[in-house]
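Chain residues, written in single-letter form:
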Amino acid sequence: MDMESPLSYNNRSLPLAVSDPYWEMDMNLCIVCARCVRVCDEVRGDSALTMLDRSDRVLIGTSQGTSLLESGCEFCGACIDVCPTGALVERKYKWDKAVDTVKSHLPALPGGMPDEP
């Protein structure tokens, strides 16, 4: 298989953003899909995250260039949940592996099982 590609990867060589108390941001992993910005704005109704700059220098950050604490972020974790690359990670669970299986049981209905037609 030919591993040559006309596409090139441009490592931004940006430092990790670790100043916020609950999560870390690695903009070198970010593909600028803007999912975090959209979930913050459209689902949570908060505008803590925004897209900065233009063209090939686009970054995710706060609109005023301040920390998330100062931007009004509620640290709900919605942006972390929708990040497809791991550019946003929760600091406490950064190195935990995913759970393999989850057991779930549906609770019983108050009136018992419904009758089938």
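Residues numbered from 1 in each chain as written. Predicted model: local features only at pLDDT ≥ 70, side-chain atom pairs only at ≥ 80, totals over all residues. Heavy atoms only, no water.

Looking now at the side chain of Glu24. Relative to the helices and strands, Glu24 resides in strand E1 (residues 23–25). Taking relative accessible area as the criterion, Glu24 reaches 12% and is therefore assigned buried. A polar atom in the side chain of Glu24 sits 3.2 Å from the side chain of Arg91. Apart from residues no more than four positions distant in its own chain, Glu24 is found in contact with Ala17, Val18, Ala87, Leu88, Val89, Arg91 and Lys94. (Helix = DSSP H or I, 4+ residues; strand = E, 2+ residues; numbered from the N terminus. Buried < 20%, exposed > 50% of the residue type's maximum accessible area, 1.4 Å probe, protein only. Polar contact = N/O pair within 3.5 Å; in protein donor to acceptor, adjacent residues only side chain to side chain. Contact = heavy atoms within 4.5 Å.)

On to the packing of aromatic side chains, then. Throughout the structure, instances matching the rule amount to 1 aromatic pair. Summarising the aromatic geometry, the rings of Tyr22 and Phe75 are spaced 4.9 Å apart at their centres and angled 65° between planes, so their arrangement reads as edge-to-face. With Tyr22 in the segment before E1 and Phe75 in the loop between helix H2 (68–71) and helix H3 (78–82), this pair connects stretches of sequence that are 53 residues apart. (Phe/Tyr/Trp six-rings, centres within 6.5 Å; stacked < 30°, edge-to-face > 60°.)

Evaluation of the coordinates by the stated rule reveals 3 salt bridges. Measuring nitrogen to oxygen at the nearest pair gives 3.1 Å for the salt bridge that ties Glu42 to Arg38. Taken as a pair, Glu42 and Arg38 lie in helix H1 (residues 35–43) at a separation of 4 residues, close to a single helical turn. Looking at Glu42, the relative accessible area reads 52%, which means it is exposed. A salt bridge links Glu74 to Arg44; the shortest N-O distance between them is 3.1 Å. Separated by 30 residues along the polypeptide, Glu74 in the loop between H2 and H3 and Arg44 in the loop between H1 and strand E2 (50–52) bring together distant segments of the chain. Among the residues examined, Glu74 registers a relative accessible area of 56% and is labelled exposed. (Salt bridge = Lys/Arg side-chain N within 4 Å of Asp/Glu carboxyl O.)

Let's shift gears to the confidence of the model for the chain. Within the chain, residue pLDDT values average 79, and 79% of them lie at 70 or more. Taken element by element, the predicted model of the chain shows its lowest mean pLDDT in H2 (80) and its highest in H1 (91). (pLDDT = per-residue confidence, 0-100.)

A complete count under the given rule lists 0 disulfides for this structure. With no disulfide partner, Cys40 has as its closest neighbouring cysteine sulfur the one in Cys73, 6.4 Å distant. (Disulfide = S-S within 2.5 Å.)

Backbone geometry places Val32, a non-glycine residue, at a positive phi of 55°. For Val32, the location among the structural elements is in the loop between E1 and H1. With relative accessibility at 22%, the residue Val32 sits in the partly exposed group. Here Phe75, not a glycine, exhibits a phi torsion of approximately 50°, which is positive.

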